[in-house]
Amino acid sequence: MSTSIIIGREGGQPFVIDAKRTRVSRQHAKLYIDGDKLTLKNLSKENYTFVREEQTGLLRAIEQKRVSEDTFVVLGEDSAHGCQFYVRQVLSSSVSCGPATFADDFIRIRQKFDEYKQMRDALNRNIKILQIGVPVVITAIMMLLLGPKIGALGVLSGLFARLIPEIFAKKKKSIEQIRELYCRCPNPECSRPNPLSEDEIHNMQCSRCGAM
């Protein structure tokens with residue numbers, strides 16, 4: 001037997017979306033439930049419904065899409081004016097801002113944060129190695145080819161050292177997006193627009209709304 005849930009400021013989801021979420025419509029989206037099949041449909045003509053692609057982490061506007069319990073949804077926009085939640089939170093009858101409610105979500109957030117830290121630290125190590133190693137190699141080659149009295153060697157080596165972080169800027173940005181996209185407070189009623197801090201993730205509690 002199939003059922004459906006309207007999601008919005010006047011929807012039937014188990015968490016409140018108040019009038020301050022100005023980019024969320026009164027009846028913004030509908031979740032169709034047919035056994036273990038879940039389909040999300042956009043109902044809003046003024047605002048969009050987005051889902052996060054697991055492969056890329058990017059938010060994509062949808063009209064209708066098959067989803068899972070772990071699909072991350074954004075109504076309106078990814079800010080305090082919109083609303084963000086996981087599909088499983090719509091299916092739950094106990095989601096509310098309170099203690100011992102979002103433990104599973106925080107475990108997933110910690111896993112993503114650990115992944116982010118490992119990638120960030122590895123990139124920073126590689127940049128430091130290259131900043132030291134590349135100028136040494138360049139200087140050695142130039143001295144072999146042109147002799148030791150080339151005054152521009154130090155300038156050239158320093159220039160390459162400064163350029164290395166710029167070369168990896170795109171990679172660094174993609175790593176930072178992991179934290180930006182996956183380390184938000186899991187409470188749909190929380191209005192904080194920025195990711196959780198490392199201490200909040202470690203303690204598994206949002207300091208703004210108290211979700212834990």
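Residues numbered from 1 in each chain as written. Predicted model: local features only at pLDDT ≥ 70, side-chain atom pairs only at ≥ 80, totals over all residues. Heavy atoms only, no water.

Asker: Looking at this structure, how should I read the environment of G8?
Answerer: Assignment of secondary structure puts G8 in the loop between β1 (2-7) and β2 (29-34). The class of G8 is buried, set by a relative accessible area of 0%. G8 sits 75 residues away from C83 along the chain, and the two C-alpha atoms are 9.0 Å apart. When sequence neighbours within four positions are dropped, the list of residues in contact with G8 reads Q13, I17, V24, S25, R26 and H28. (Helix = DSSP H or I, 4+ residues; strand = E, 2+ residues; numbered from the N terminus. Buried < 20%, exposed > 50% of the residue type's maximum accessible area, 1.4 Å probe, protein only. Contact = heavy atoms within 4.5 Å.)

Asker: For this particular structure, what's the right way to read the pattern of salt bridges?
Answerer: Any two side chains of opposite charge can pair, so long as their charged atoms come close to each other. Going through the model one piece at a time under the given rule, you end up with 10 salt bridges. In this structure, the salt-bridge partner of R60 is E53, at a minimum N-O distance of 3.5 Å. On the basis of relative accessibility, which here comes to 40%, the residue R60 falls in the partly exposed class. A salt bridge links R184 to E180; the shortest N-O distance between them is 3.0 Å. By relative accessible area, which is 36% here, E180 ends up partly exposed. Sharing partners across several salt bridges, the network here consists of D70, R88, D105 and R108. (Salt bridge = Lys/Arg side-chain N within 4 Å of Asp/Glu carboxyl O.)

Asker: Just checking my understanding: could you explain the sheet that holds strand β7 (residues 72-75) for this structure?
Answerer: Strand-to-strand pairing in sheets goes through backbone hydrogen bonds, with the strands running parallel or antiparallel. Strand order in the open sheet formed by four strands is β5-β4-β7-β8, and the pairing between neighbours is antiparallel. For this open sheet the edge positions go to β5 (59-62) and β8 (83-86), each flanked by a neighbour on one side alone. Ignoring strand direction, the axes of neighbouring strands in this sheet form an average angle of 30°. Two strands pair when backbone bridges link them, and β7 and β8 are joined in this way by four bridges, in the antiparallel orientation. In the sheet register, F72 faces β8, and the bridge partner there is Y86. (Pairing = 2+ DSSP bridges. Axes fitted to C-alpha atoms, helices over the stretch in contact; angles between N-to-C directions.)

Asker: Would you take a moment to explain the sheet that holds β1 for this structure?
Answerer: Pairing is antiparallel in the open sheet, where four strands are placed in the order β1-β2-β3-β6. Looking at which strands have only one partner, the edges of the open sheet turn out to be β1 and β6 (64-67). On average, adjacent strands in this sheet sit at an angle of 20° to one another, irrespective of strand direction. With six bridges connecting them, β2 and strand β3 (residues 37-42) associate as antiparallel partners. Residue I33 lies in a different strand from β3, and its bridge partner there is L38.

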